[in-house]
Amino acid sequence: MNEKIIKKLKLVILISALGLLIAYFGLNVMNAYNAWSINYWANTYIQGINSTNIDPTFKAAQIFAINYTAQQLLQTSLLPTLPITLPQFIGIELVLAGLYFVLDYISKQYDE
């Protein structure tokens with residue numbers, strides 16, 4: 001194999017591994033933040049309603065509306081994540097690391 005090809009393959013593997021890492025954890029962190037912020041908003045609003053002295057039926061209707069709105073926000077605001085589990089992700093990263101080190105070994109053989 002040509003040394004330039006090996007260097008390009010190593011770069012592609014590094015970019016792929018980094019991109020997968022960012023995509024997997026970045027999307028999950030964003031979804032966790034979205035869910036937390038919607039939940040915080042709904043709970044704060046419900047606590048405010050519960051602290052008032054209004055008709056219990058009206059209170060229940062408002063709480064139902066808040067819960068329904070929060071559910072709809074969650075369904076529409078969550079980002080699509082990668083359809084892999086954490087062990088699969090770790091396996092893919094290990095395979096990419098193995099490929100990188102094999103190519104690194106081959107490139108060192110060219111240097112000698």
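Residue indices begin from 1 for each chain and proceed along its sequence in written order. Confidence filtering applies because this is a predicted model: local features only for residues at pLDDT of at least 70, side-chain atom pairs given and counted only at 80 or more, and all residues used for totals across whole chains, interfaces and linings. Only hydrogens and water are removed before side-chain values are computed, so all heavy atoms of the structure are retained for them.

(A) Just the overall build of the chain, in detail. Each helix and strand counted, the chain has 3 helices and 0 strands in total. Helix and strand definitions follow DSSP, with helices as H or I runs of at least four residues and strands as E runs of at least two, each counted in order from the N terminus. Taken from N to C terminus, the helices and strands of the chain fall in the order α-α-α. By its C-alpha atoms, the chain is 85 × 20 × 20 Å across when sized along the principal axes. Burial status follows relative accessibility: with a 1.4 Å probe on protein chains alone, a residue under 20% of its type maximum counts as buried, one over 50% as exposed, and anything between as partly exposed. In the chain, buried positions account for 19% of the 112 residues. Computed with the Shrake-Rupley method and a 1.4 Å probe, the accessible areas treat only the protein chains shown as cover for residues. Summed over its atoms, the accessible surface of the chain is roughly 8,200 Å², and 69% of this surface lies on carbon and sulfur atoms. Lys and Arg are tallied as positive, Asp and Glu as negative. Neither His nor the chain termini are counted. To locate a charge, the coordinates of NZ of Lys, CZ of Arg, CG of Asp or CD of Glu are taken. In the chain, the 6 positive side-chain charges and the 6 negative ones have mean positions that sit 6 Å from each other.

(B) Structural context of the environment of Thr69. Within the secondary structure layout, Thr69 lies in helix α2 (residues 56-77). In this structure Thr69 comes out as partly exposed when scored by relative accessible area, which is 36%. Between the C-alpha atoms of Thr69 and Ala42, which are 27 residues apart in sequence, the distance is 8.7 Å. Engagement of the side chain of Thr69 in a polar contact is seen with the backbone oxygen of Ala65, the distance being 2.7 Å. Identification of polar contacts relies on pairs of N or O atoms within 3.5 Å, with a donor-acceptor requirement for protein atoms, meaning one able to donate a hydrogen and the other able to accept it, and with residues adjacent in sequence counted only if both atoms are side-chain atoms.

(C) Quick look at the packing of helix α1 (residues 3-50) against α2. For the pair α1 and α2, interaxial distance at closest approach is 10 Å and the crossing angle is 175°. When the axes of α1 and α2 are compared, the pair comes out roughly antiparallel. Residues Asn34, Ala35, Ile38, Trp41, Ala42, Tyr45, Ile46, Ile49 and Asn50 of α1 touch α2, and the partners they reach there are Lys59, Gln62, Ile63, Ile66, Asn67, Thr69, Ala70, Leu73, Leu74 and Ser77. For this classification, Asp, Glu, Lys and Arg are treated as charged, while Ala, Val, Leu, Ile, Met, Phe, Trp, Tyr, Cys and Pro are nonpolar and the rest, including Gly, are polar. A breakdown of the residues in the contact of α1 with α2 according to their chemical character gives 12 nonpolar, 6 polar and 1 charged. Here, axes are lines fitted to C-alpha atoms. For helices the fit covers the stretch in contact, and angles between N-to-C directions go from 0 to 180 degrees. With respect to orientation, any angle under 35 degrees is reported as roughly parallel, any angle over 145 as roughly antiparallel, any angle of 65 to 115 as roughly perpendicular, and every other angle as oblique. Here, residues are in contact when the closest pair of their heavy atoms is within 4.5 Å.

(D) Local environment of the environment of Ala70. Looking at the secondary structure, you find Ala70 in helix α2. Here Ala70 falls in the buried class, since its relative accessible area comes to 9%. Each C-alpha atom, one on Ala70 and one on Trp41, is 8.4 Å from the other, the two residues being 29 residues apart in sequence. Not counting chain neighbours up to four residues away, the residues in contact with Ala70 comprise Ile38, Trp41 and Ala42.

(E) Main features of the environment of Pro80. In this fold, Pro80 is placed in the loop between α2 and α3 (86-111). When the C-alpha atoms of Pro80 and Leu27 are compared, they prove to be 7.5 Å apart, with 53 residues separating the residues in sequence.

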